[in-house]
Amino acid sequence: MDCYRNSFTKRLTVVIIIQIIAFKTYKWYNLRMYVRKHNDFFIMDCKIQVDELQNNIIKSIKREFIMKKLTKEEKHKQCLKEIKATYGSKGINNLTLNDKGIAEITDDTQMTLFTAEGILRANCKKGRCYIPAVVYNAYLRWYSTQRNIDTSGYDKCTYNSYLLKYDELYEDRGAGNTCLTSLSKEEIGSIKNPINNSKGCGGVMRVAPIGLVYNKKEAFRLGCDCAALTHGHPSGYISGGMLSCIISCIIEGMEIDEAINCAISFAKDMDGYCECVETVEKAVKLSEDDLVDTDAIRMIGEGWASDEVLAIAIYNSLKYKDDFKKALICSVNHDGDSDSTGAICGNILGAYLGIDNIPKEWIDVIELKDLLENISTDLLTGYEESEEWFEKYLEN
């Protein structure tokens, strides 16, 4: 019974903490869109949480980005500089709350919830379906929330979901262009028939629930397949398979380094694995060195590409595997896609450390906390013969 409870705690935690410290808001995303619209020289995709006292910083950033093109090195310094200017010399070290005292979720959590729902719907078919197609339909439901699509004339089963009752899932929280563009085509991408050549992080950041339900081999395969729905580059979907596998291995009782090695072994059976595996192996090696964290992370990358975002999360998970808070803080204090690196680091360490090792003051203020807890419990259950279950997870 104790073993069962420990397993439940880990499974519950990893979903609750999927984006617990994803330090980005729609306000920053709106700034990014402003720059994208008005700046012919440079598009700045820096996804970093800023607090309510950000007006002066925003004005200066707008002015600077519109007036000059930054080199990659200057861009890094500018982002890191702004983090420290906003939060102090140590950078971000706590959740930022909105005016209601809530830590808002990001697009990463939105899509992760729909991944979980898709898996649970597929379970209702008891193996009589192509699981990625069911998950794809779940992503179409998410897409409808982001584009305010009137689905009244659409297939009722596909677009009927209890998740659509939550206003927070309709909020624009900075969804990635690749996810939106791929889903707008209404074509299912796959490893054999890639929909594009993208290796952005949108494929990997949403697949953690897969590792909670399936064994490591199945989790790797399904993680790849579900990431490939929208991201066609090998690194774009192999990273998804690796994360799902790592989560599954940890749930089975492996240490983090053992789980990573298992994921690497599966990845090496895939065509085009080199980039993703090499980046992860670099992160593992750097976690064993005495470099300053920001320097080590810079050597891995910025997290815009899927192999980099996974590798940065792995670096922090290994470096601070016994200190959830320190690992999460380190994972978001860098240039680049800091919400997704924090999200994936939370996936891994949430599964590894369990909910008792996560600051309670963080859990208590997370947006949609009850929904996250409930869907976590459902993932543990997997399938249930009950009227309530079928009302929640209609077959499609």
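The structure presented is a predicted model; accordingly, all values stated were derived computationally and were not measured. (Residues numbered from 1 in each chain as written. Predicted model: local features only at pLDDT ≥ 70, side-chain atom pairs only at ≥ 80, totals over all residues. Heavy atoms only, no water.)

Asks: Is there a simple way to think about the overall build of the protein chain in this case?
Replies: Regarding its fold elements, the protein chain presents 19 helices and 0 strands. Looking at the 396 residues of the protein chain, the share that counts as buried comes to 60%. For the protein chain, restricting intrachain contacts to residue pairs at least 6 apart in sequence, the fraction spanning at least 24 positions comes to 77%. Summed over its atoms, the accessible surface of the protein chain is roughly 16600 Å², and 48% of this surface lies on carbon and sulfur atoms. (Helix = DSSP H or I, 4+ residues; strand = E, 2+ residues; numbered from the N terminus. Buried < 20%, exposed > 50% of the residue type's maximum accessible area, 1.4 Å probe, protein only. Contact = heavy atoms within 4.5 Å. Areas by Shrake-Rupley, 256 points an atom, 1.4 Å probe, with all protein chains shown as cover.)

Asks: Please clarify how helix H15 (residues 324-332) should be interpreted in this entry.
Replies: Burial within H15 is extensive, with 7 of its 9 residues counted as buried. Among the residues of H15, those classed as buried are Phe324, Ala327, Leu328, Ile329, Cys330, Ser331 and Val332.

Asks: For this particular structure, what's the right way to read the pattern of salt bridges?
Replies: Proximity of charged atoms lets side chains of opposite charge pair with each other. Scanning the entire structure with this criterion turns up 13 salt bridges. The salt bridge partner of glutamate 117 is arginine 141, with a shortest N-O separation of 3.0 Å. Here glutamate 117 is found in helix H5 (residues 107-124), whereas its partner arginine 141 is found in helix H6 (residues 131-146), with 24 residues between them in sequence. Per residue, the accessibility class of glutamate 117 equals that of arginine 141, and both read buried. (Salt bridge = Lys/Arg side-chain N within 4 Å of Asp/Glu carboxyl O.)

Asks: What should I look at first to understand unusual backbone geometry in this one?
Replies: Leave glycine aside and you will find that most residues have negative phi; peptide bonds, for their part, are mostly trans. One non-glycine residue with positive phi stands out, namely asparagine 148, at about 50°. Mapped onto the secondary structure, asparagine 148 falls in the loop between H6 and helix H7 (177-184). Overall, the relative accessible area of 64% leaves asparagine 148 in the exposed class. Unlike most non-glycine residues, glutamate 186 shows phi in positive territory, near 55°. By the element assignment, glutamate 186 lies in the loop between H7 and helix H8 (208-213).

Asks: What exactly am I supposed to notice about helix H11 (residues 256-267) here?
Replies: Residues spaced three or four apart along an α-helix face the same direction, because each turn holds 3.6 residues. A rise of 1.5 Å per residue sets the reference length of H11, with its 12 residues, at 16 Å; its end C-alpha atoms lie 16 Å apart and thus fit the reference within 8%. Among the residues making up H11, those that are buried are Ile256, Ala259, Ile260, Cys262, Ala263, Ile264, Phe266 and Ala267. In this structure, the buried side of H11 is in contact with helix H9 (216-227), helix H10 (234-252), helix H12 (274-287), helix H14 (306-319) and helix H16 (338-353). (Expected span 1.5 Å × (residues − 1).)

Asks: I would appreciate a short explanation of the packing of H11 against H12 in the present structure.
Replies: Packed helices, taken two at a time, are described by their axes: the angle between them and the distance between them. It is at 11 Å that the axes of H11 and H12 come closest, and there the two elements cross at 160°. With respect to their mutual orientation, H11 and H12 come out roughly antiparallel. Crossing hand, H11 versus H12: left-handed. Listed contacts from H12 to Ile260, Ile264 and Ala267 of H11 are Val277, Val280, Glu281 and Val284. Taken together, the residues that form the contact of H11 with H12 break down as 6 nonpolar, no polar and 1 charged. (Axes fitted to C-alpha atoms, helices over the stretch in contact; angles between N-to-C directions. Parallel < 35°, antiparallel > 145°, perpendicular 65-115°, else oblique. Left-handed = near helix turned anticlockwise from the far one by under 90°. Nonpolar A, V, L, I, M, F, W, Y, C, P; charged D, E, K, R; others polar.)

Asks: What is the right way to look at the environment of aspartate 295 in this model?
Replies: Locating aspartate 295 in the fold gives a position in helix H13 (residues 293-300). Taking the C-alpha atoms as reference points, aspartate 295 and histidine 334, separated by 39 residues in sequence, lie 9.3 Å from one another.

Bear in mind that shape data such as this cannot, by itself, settle questions of function.
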